[in-house]
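An overview of the molecular structure
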Amino acid sequence: MTNEQPPLPSITPLYEPYYRYTRQHELRMQRCRDCGHVRYPFAALCPVCHSEGAEWSRMSGRGAVASFAICHQAFHPWFQSRLPYNVALVDLEEGPRVPTNIVGVRNEDIRIGMSVEAEFEDVTDEITLVKFRPRGPGGKQDNPAH
Ligand SMILES: [Zn+2]
């Protein structure tokens, strides 16, 4: 362990509820009160029906890998000792496609369409990041290196 921190998101008013829930290890997103569309990225208006009404609805945490890349170059010093690392897009069951990292599996074993489930990584007192690990058969392998 070191005192170094990864680059972290800044918490804007629009995203404050999201991070408040992730700190409690709950994955919640804005769901439109009028048409039910799950809004991501978060926004003041629904992109489907333009309603302002929304509630922070709890997501199942389940999804599938839509795309991923393996980074071999550190774009921030924090990543230097963590190369190569993966960056992925996961399609949640409820619809949103979210940027994340896949954990609990070797980079070379990540596959498009792989079923994954959310887990929470407390990075600071303020920021808990949502990562995903494989679920189902073969999905319980732990990678202590991560
Ligand atoms: Zn709507």
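Everything that follows concerns the structure shown earlier in this document.
Read on for a plain summary of the structure. (Residues numbered from 1 in each chain as written. Predicted model: local features only at pLDDT ≥ 70, side-chain atom pairs only at ≥ 80, totals over all residues. Heavy atoms only, no water.)

To continue, consider the packing of aromatic side chains. In this structure the tally under the stated criterion is seven aromatic pairs. Taking 5.0 Å as the distance between ring centres and 85 degrees as the angle between the ring planes, the aromatic pair formed by Y18 and Y19 counts as edge-to-face. The class for Y19 is buried, based on a relative accessible area of 8%. Both rings, one in W78 and one in F79, keep their centres 5.1 Å apart while their planes meet at 85 degrees; by these two values the pair is edge-to-face. The class of W78 is buried, set by a relative accessible area of 15%. Positioned above the aromatic ring of W78 is the side chain of R82, whose terminal nitrogen or guanidinium carbon lies 3.6 Å from the ring centre. (Phe/Tyr/Trp six-rings, centres within 6.5 Å; stacked < 30°, edge-to-face > 60°. Buried < 20%, exposed > 50% of the residue type's maximum accessible area, 1.4 Å probe, protein only. Lys NZ or Arg CZ within 6 Å of the ring centre and 35° of its normal.)

Turning to the coordination of the zinc ion, a few remarks are in order. Each donor-metal-donor angle in an ideal tetrahedron of four donors is 109.5 degrees, and each such angle in an ideal octahedron of six donors is either 90 or 180 degrees. Bound to the zinc ion on the protein side are C32 (SG), C35 (SG), C46 (SG) and C49 (SG), at distances that span 2.3 to 2.4 Å. Around the zinc ion, the four donor atoms are arranged such that angles at the metal cover 101 to 117 degrees; this shape is classified as tetrahedral. Spacing between the donor residues of the zinc ion along their common chain follows C-x2-C-x10-C-x2-C. Of this pair, C35 sits in the loop between β1 (28–32) and β2 (38–39) while C46 sits in the loop between β2 and β3 (54–58), and the two are 11 residues apart along the sequence. (Donors = N, O, S within 2.8 Å, 3.2 Å for Na, K, Ca; no water. Tetrahedral: all angles 85-135°; square planar, octahedral: opposite > 155°, others 65-115°. Helix = DSSP H or I, 4+ residues; strand = E, 2+ residues; numbered from the N terminus.)

Before going further, it helps to spend a moment on the pairing of β1. Summarising burial for β1: four of the five residues are buried, a large majority. Examined bridge by bridge, β1 and β3 share five bridges and lie antiparallel to one another. Bridged to Q30 within β3 is W56. Across two bridges, the pairing between β1 and β2 is antiparallel. (Pairing = 2+ DSSP bridges.)

Reading across the sheet, the five strands line up as β6-β5-β4-β7-β8 and stay open at both edges, with antiparallel pairing between neighbours. Of all the strands in the sheet, the pair left with one neighbour each is β6 (97–100) and β8 (128–134). Averaged over all neighbouring strand pairs, the angle between strand axes comes to 35 degrees, with direction disregarded. Of the strands in this sheet, β7 (115–122) and β8 touch helix α1 (residues 16–23), which is tilted by about 60 degrees from β8. (Axes fitted to C-alpha atoms, helices over the stretch in contact; angles between N-to-C directions. Contact = heavy atoms within 4.5 Å.)

This part covers the pattern of salt bridges. Taken as a whole, this structure holds 10 salt bridges when the rule is applied. Between R58 and E26 there is a salt bridge, with its nearest N and O atoms 3.7 Å apart. Here R58 is found in strand β3, whereas its partner E26 is found in the loop between α1 and β1, with 32 residues between them in sequence. Judged by its relative accessible area of 48%, R58 is partly exposed. Between D109 and R106 there is a salt bridge; the shortest N-O distance is 3.0 Å. By sharing partners, the salt bridges in this structure join E26, R28 and R58 into a single network. (Salt bridge = Lys/Arg side-chain N within 4 Å of Asp/Glu carboxyl O.)

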